[in-house]
Amino acid sequence: MVEKYNPQAIEARWQKKWAEDKLYEVHEDPSRPKFYFLTMYPYPSGDLHIGHWYAMAPSDAAARHRRMKGYNVLFPIGFDAFGLPAENAAIKHGIHPWTWTYRNIENMRRQLRAMGAMFDWSREVITSDPEYYKWNQWFFLKFYEMGLAYRTYAPVDWCPNCNTTLAREQVVGENRECERCGTPVIRKDLNQWLFKITKYADELLDFSKIDWPERVKTMQTNWIGRSEGAEIVFKSEQGDDIIVFTTRADTVFGATFMVLAPEHPLVQKLTSDDQRAQVDAYVQQASRETEIDRLAVTKEKTGVFIGAYAVNPVNDVRIPIYIADYVLMQYGTGAIMGVPAHDWRDFVFALKYGLPILPVIDRPDGLTKSFAPSGTMNEGFADALQAEGIPFDEREGSRYITIPPEKVNRYVQLAQRFVRQDAWNEVVGTRWVFIFHDGVWEWDSLESEQRILDRCKKLEPGVRDKRTLMEMLWSLEFYRDALYHDAYGTMIHSGEFTGTPGDVARQRVAEWLAEKGIGKPAVTYRLRDWLISRQRYWGTPIPIIYCPACGTVPVPYEDLPVVLPEDAQFLPTGESPLKYHEGFRNVACPRCGGPAERELDTMDTFVDSSWYQYRYLSPHDDHAPFDPDQGRYWLPVDQYTGGIEHATMHLLYTRFFHKAMRDIGVVDFDEPMTRLFNQGIILGEDSEKMSKSRGNVVSPDDYVNAVGADAVRAYLMFIGPWSEGGPWSSRGIDGVVRFLNRVWNLVVAEREDQGAGDYRPADITALRRLTHQTIKRVSEDLENFRFNTAIAALMEFNNVLVKAKETRVYGTVAWEEAIENLLLLLAPICPHIAEELWMRTGRPYSIHQQTWPVWDAAIAAEDTFTLVIQVNGRVRDKVDVPVSITEDDAKAVALASENVRRYVDGQKPTRIVYVPGRLVNIVVR
RNA sequence: GGGCCGGUGGCGGAAUGGCAGACGCGGCGGACUUAAAAUCCGCUGGGGAAACCCGUGUGGGUUCGACUCCCACCCGGCCCACCA
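On a predicted model such as this, the values are computed, not experimentally measured, just so you know. (Residues numbered from 1 in each chain as written. Chains lettered and ligands numbered in written order. Predicted model: local features only at pLDDT ≥ 70, side-chain atom pairs only at ≥ 80, totals over all residues. Heavy atoms only, no water.)

Caption draft 1: Quick look at the overall build of chain A. Scanning chain A from terminus to terminus reveals 31 helices and 37 strands. Its C-alpha atoms give chain A a radius of gyration of 37 Å, clearly above 29 Å, the size a compact globule of 925 residues would have. Taking the principal axes of its C-alpha atoms as reference, chain A extends roughly 115 × 105 × 50 Å. In chain A, which comprises 925 residues, the proportion classed as buried is 55%. Here the analysis covers contacts within chain A between residues at least 6 apart in sequence; of these, 72% occur between residues at least 24 apart. A gap of 3 Å separates the mean positions of the 106 positive and 128 negative side-chain charges of chain A. (Helix = DSSP H or I, 4+ residues; strand = E, 2+ residues; numbered from the N terminus. Rg over C-alpha atoms; globule rule 2.2 N^0.38 Å. Buried < 20%, exposed > 50% of the residue type's maximum accessible area, 1.4 Å probe, protein only. Contact = heavy atoms within 4.5 Å. Lys, Arg positive; Asp, Glu negative; His and termini not counted. Charge placed at Lys NZ, Arg CZ, Asp CG, Glu CD.)

Have a look at this one:
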């Protein structure tokens, strides 16, 4: 009776042996090329989720493959151990965060070991250890000295559930929800510490030194949101400079109003007495609105005139100043020039508040329209239009005319000839004119707008309620698509700039503004500085002391770490226990020795994860964040793996942190991780996201107990492309379980009649060919993280071997070569069974210290192939031919085919396409 | 509203200009068994008796040849969204 595959027994045994032998502990070895393979470390929630397996098991396989290829591979693991859940557990269950965290870590270590990964546990990092977070504090102080850490009083996002502030990156979605708990954030004004990530905005946009997925690069680029434009100085009538930022300096002649953010510092000063009550009310409402219910915020534009005017510096036009909450104090200069003709937000605002809208950029699409209502034109107009070839629709005597661009001027002449004395006609789109019987009035300025509007109101009582020409025209459905555009085009109605082509307009205007000293080129970013203060206990204390005499005093380096006090009280007050810990709070000023207070906020846990990759090098180093000698050998990280959800958080922060580390002299290169791969998300059986509420959470422990870690590992890699994720299938895993059983039986079970008879040389050749083809396929697939097809190749190989075992090749040298390579190729994916079978076939421990096999191209080469024969692109026959076949011979074989003859049917081929090694296509059309 | 990614049998997926559906799940039939499970063997995109025809979200296009490239649309997912 053959011994059965018993994964539970062999996996535990090998894990123990590998640990005892320190098989996966690595050290600098200058004789071998290094490879730093990093996978994102887990938060110690207490249970290893199948999602962790999905990220880590393929990473482990790739790292093992590297190692077998001769690299000295560092593959470390640790725990992202600070964070709110520990504190919540303390409040809810009375467990100290320390106890909760380290208990969870203990359990997760066990689970991680059960995976059979080659983690180097001797380098484990736990970020809540003082020996770790001391260096967070050290970096903070360095950054502070460099001006990269600063404190400011400003409006910040506050999560009312987590009772802490959040960084801009940690507020997600349409409803501006807390990234962790999903509660909509509110606004608070607070003193907070920030890291100056904006200093590196441009450098962070440069991805030339890293090989990262396009998707992540795009997301980071959009997040940083660089906008090139200009600052333009408008003056208030009182003489204050009001600086606006715009990306469309070419539209400056169309500025018909100005909008300040409600928080803009000039608002109070400029507001007139009669508008003050209204303005104050609006400012208050704007600040409250963000604090009450974000969901109730409408998209409707609101604003208030502040009773003051500014002067457009390019044409001295006097324009009213408004405040409105669609202008954000945090972006640009907190003030904009309103150019309603070419900015949709300004357009909507101007229509609502009756502000003039003056087109100053020509339409590049040439769309031009005119509407001639019934009774406005004299007899013969329609005939004249027809004669000119100007198309129009006629409904109930009114004519809807879309004018071909080249006929616009001709149309204006015609319209003037036919327009009645008591009416007018207008043209909109590429020309803006009002046509009266006694003249054509250009609508090219605010004064002309007023004149035209006055005359129209006299002629037509129905438009007397219209405040602007645009309001009048907008009421006509037919015109709507011609009235507004935001394209680049030739400047019009713009004084000496009129006629400037769209491709140079922005630059010309910007240069001219600079010359006149009323503007300059400017760049703004959407990116905000990284707010790192958290009003929580379970994090790194910010090493700052506030002294009534000396002000803000950094904790001296020799006093680090500032240790979290263990005897804090965890009460459900929503406030940090540190606030009420007198022993922590009160401290002697390091400078004057007088009574002072500690900073009570802790750091965002993303600070911890921004540099953990370096701490793995020397986790217990007491002199530096990491040992520089090890750094020189191991850095940078060669391959990083993890989820894409961190694209604009962790992955952006760590790039920033690295550059800041470089600038304080800790590292001397520019990017922390050379290559990045984002795996997909493992879904529930129902293809939905796994969640407790859906009841579709898969527990890896259950499956490991039932079928073994190797099967779970292999199945996760077999589901599909790693980058795509996909649904877990409790049936699908049976496939890899069977596969492993078949491998086991193939290798372990002796054939009864072994050694009998001779073998045929052709069988040996075929077996060796397949062996080397499989080495090639699996090698190339693992190289490119295509685990699914690598496993498929191994399954095919195994299926053939199972059959071959019954033949005479069993027991030959070629057979042994096949078995040996099957095990070597399987080793990175299923390390336990590979090791076990390696041992059982008498091979030297450990398979994981063996060299990855190399395929021999000559042995792998086929000597025949299936020549596909097509007629007019459709397959009509297939013939096995030698690889060495010549073009002429291949064509002859094709034409000789009985089936082909039927389809060619005596016709002379117009063309015969020959693709070497693949097909012949006979074209007879 | 903007951007990115995807859509292939009953299911997960393979093939990324050249035999569509590798590999696996499921299903059907068979062997073994008193029986079941496990295992093994065979079949398995649809239509058709067959020759063949149809078939990769939909509609066009390029090509000797398109799942693959181009255009438009539909559907799904993700990210961003009053960013001047």
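The rest of the description comes next.
Caption draft 2: Just the sheet that holds strand S25 (residues 544-547), in detail. Sheet architecture is open: four strands sit in the order S26-S25-S28-S27, paired in antiparallel fashion. Every other strand in the sheet has two partners, leaving strand S26 (551-554) and strand S27 (586-588) as the edge strands with one partner each. Pairs of neighbouring strands in the sheet enclose a mean axial angle of 40°, with direction left out of account. Bridge count for S25 against strand S28 (residues 595-598) is two bridges, and the pairing is antiparallel. (Pairing = 2+ DSSP bridges. Axes fitted to C-alpha atoms, helices over the stretch in contact; angles between N-to-C directions.)

Caption draft 3: Here's a closer look at the protein's contact with RNA strand B. Among the 52 residues in the neighbourhood of RNA strand B, the closest are listed as Arg168, Thr247, Lys301, Tyr331 and Arg345. Within 4 Å of the protein, the contacting atoms of RNA strand B are 67% sugar and phosphate, with bases supplying the remainder. One of the side-chain N or O atoms of Arg526 is found 2.8 Å from a phosphate oxygen in RNA strand B. Take the surface near RNA strand B: its biggest share by element is six residues, from helix H26 (residues 787-804). (Near = heavy atom within 4 Å. Polar contact = N/O pair within 3.5 Å; in protein donor to acceptor, adjacent residues only side chain to side chain.)

Caption draft 4: Main features of the state of the cysteines. Under the defined criterion, the tally for this structure stands at zero disulfides. Cys547 forms no disulfide, and the closest cysteine sulfur to it belongs to Cys589, at a distance of 3.6 Å. Cys547 gets classed as buried once you look at its relative accessible area, which sits at 6%. (Disulfide = S-S within 2.5 Å.)

Caption draft 5: Representation of the pairing of strand S5 (residues 149-159) within the structure. Pairing of S5 with strand S9 (residues 186-195) involves 10 bridges; the strand directions are antiparallel. Residue Thr152 lies in a different strand from S9, and its bridge partner there is Gln192. Counting the residues between successive antiparallel strands, the hairpin from S5 to strand S6 (residues 164-166) contains four residues, one of them, Asn163, with a positive phi of roughly 55°.

Caption draft 6: Spatial organisation of the pairing of strand S34 (residues 864-871). Pairing analysis gives eight bridges linking S34 to strand S35 (residues 874-882), with the strands arranged antiparallel. Within the sheet, the bridge partner assigned to Thr864 lies in S35 and is Pro882. Counted along the chain from S34 to the antiparallel partner S35, the turn is two residues long, and its residue Asn872 has a positive phi close to 55°. Strand direction decides the pairing type here: S34 and strand S37 (residues 919-923), joined by four bridges, are parallel. Of the residues in S37, the one forming a bridge with Ile869 is Val920.

Caption draft 7: Molecular detail of the packing of aromatic side chains. Evaluation of the coordinates by the stated rule reveals 72 aromatic pairs. Here Phe245 and Tyr331 contribute two aromatic rings whose centre-to-centre distance is 6.4 Å and whose plane-to-plane angle is 80°, an arrangement assigned as edge-to-face. Of this pair, Phe245 sits in strand S11 (residues 241-246) while Tyr331 sits in the loop between strand S14 (318-324) and strand S15 (335-338); the two residues are 86 residues apart in sequence, bridging distant segments of the chain. For Tyr331, a relative accessible area of 26% corresponds to the partly exposed category. (Phe/Tyr/Trp six-rings, centres within 6.5 Å; stacked < 30°, edge-to-face > 60°.)

Caption draft 8: Fine view of the environment of Phe570. Mapped onto the elements, Phe570 comes out in the loop between S26 and helix H17 (582-585). Phe570 gets classed as buried once you look at its relative accessible area, which sits at 15%. As a C-alpha pair, Phe570 and Lys692 span 122 residues in sequence and 27 Å in three-dimensional space. Setting aside its immediate chain neighbours within four residues, Phe570 contacts Glu87, Ala90, Ile91, His96, Pro97, Tyr537 and Pro577.

Caption draft 9: Highlighting the sheet that holds strand S31 (residues 673-678). Read across the sheet, four strands follow the order S2-S1-S30-S31 without closing on themselves; strand pairing throughout is parallel. Each edge of the open sheet carries a strand with a single partner, namely strand S2 (72-74) and S31. Within this sheet the neighbouring strands show an average axis-to-axis angle of 20°, counted without direction. With three bridges joining them, strand S1 (residues 34-39) and strand S30 (residues 637-642) adopt parallel strand pairing. The residue bridging Phe37 from the neighbouring strand is Gln639, located in S30.

Caption draft 10: How the structure looks around the environment of Trp98. You can see Trp98 is positioned in helix H4 (residues 97-114). Those residues in contact with Trp98, other than ones at most four positions away along the chain, are Ser128, Pro130 and Trp538.

Caption draft 11: Representation of empty space enclosed by the protein in the model. Applying the stated criterion to the full structure yields two cavities of 30 Å³ or more. What the largest cavity holds in volume is close to 230 Å³. Forming the boundary of the largest cavity are 18 residues, of which Leu84, Arg180, Arg534, Asp604 and Thr605 lie nearest the centre. For the lining of the largest cavity, the secondary-structure elements that each account for two or more residues are S6, strand S29 (602-603) and helix H18 (605-608). Residue composition of the lining of the largest cavity, grouped by class: seven nonpolar, six polar and five charged. Forming the boundary of the second largest cavity are Phe35, Phe37, Ala62, His65, Arg66, Gln639, Arg675, Leu782, Glu783 and Phe785. Those elements giving two or more residues to the lining of the second largest cavity turn out to be S1, helix H2 (50-68) and helix H25 (761-783). (1 Å grid on protein atoms, 1.4 Å probe; cavity = no way out; pocket = protein on both sides within 12 Å on 5 of 7 lines; lining within 4 Å. Points joined across faces, edges and corners; volume = space filled by probe spheres on them. Nonpolar A, V, L, I, M, F, W, Y, C, P; charged D, E, K, R; others polar.)

Caption draft 12: Representation of unusual backbone geometry in the model. Here the residue pair Leu560 and Pro561 is connected by a cis peptide bond, since its omega of -5° sits within 30 degrees of zero. Each neighbour pair has its own omega, and for Tyr845 with Ser846 the value is -5°, a cis peptide bond. Counting through the fold element by element, Ser846 comes out in the loop between helix H28 (831-840) and helix H29 (857-860). Residues other than glycine seldom take positive phi values, yet Ser687 does so here, at roughly 65°.

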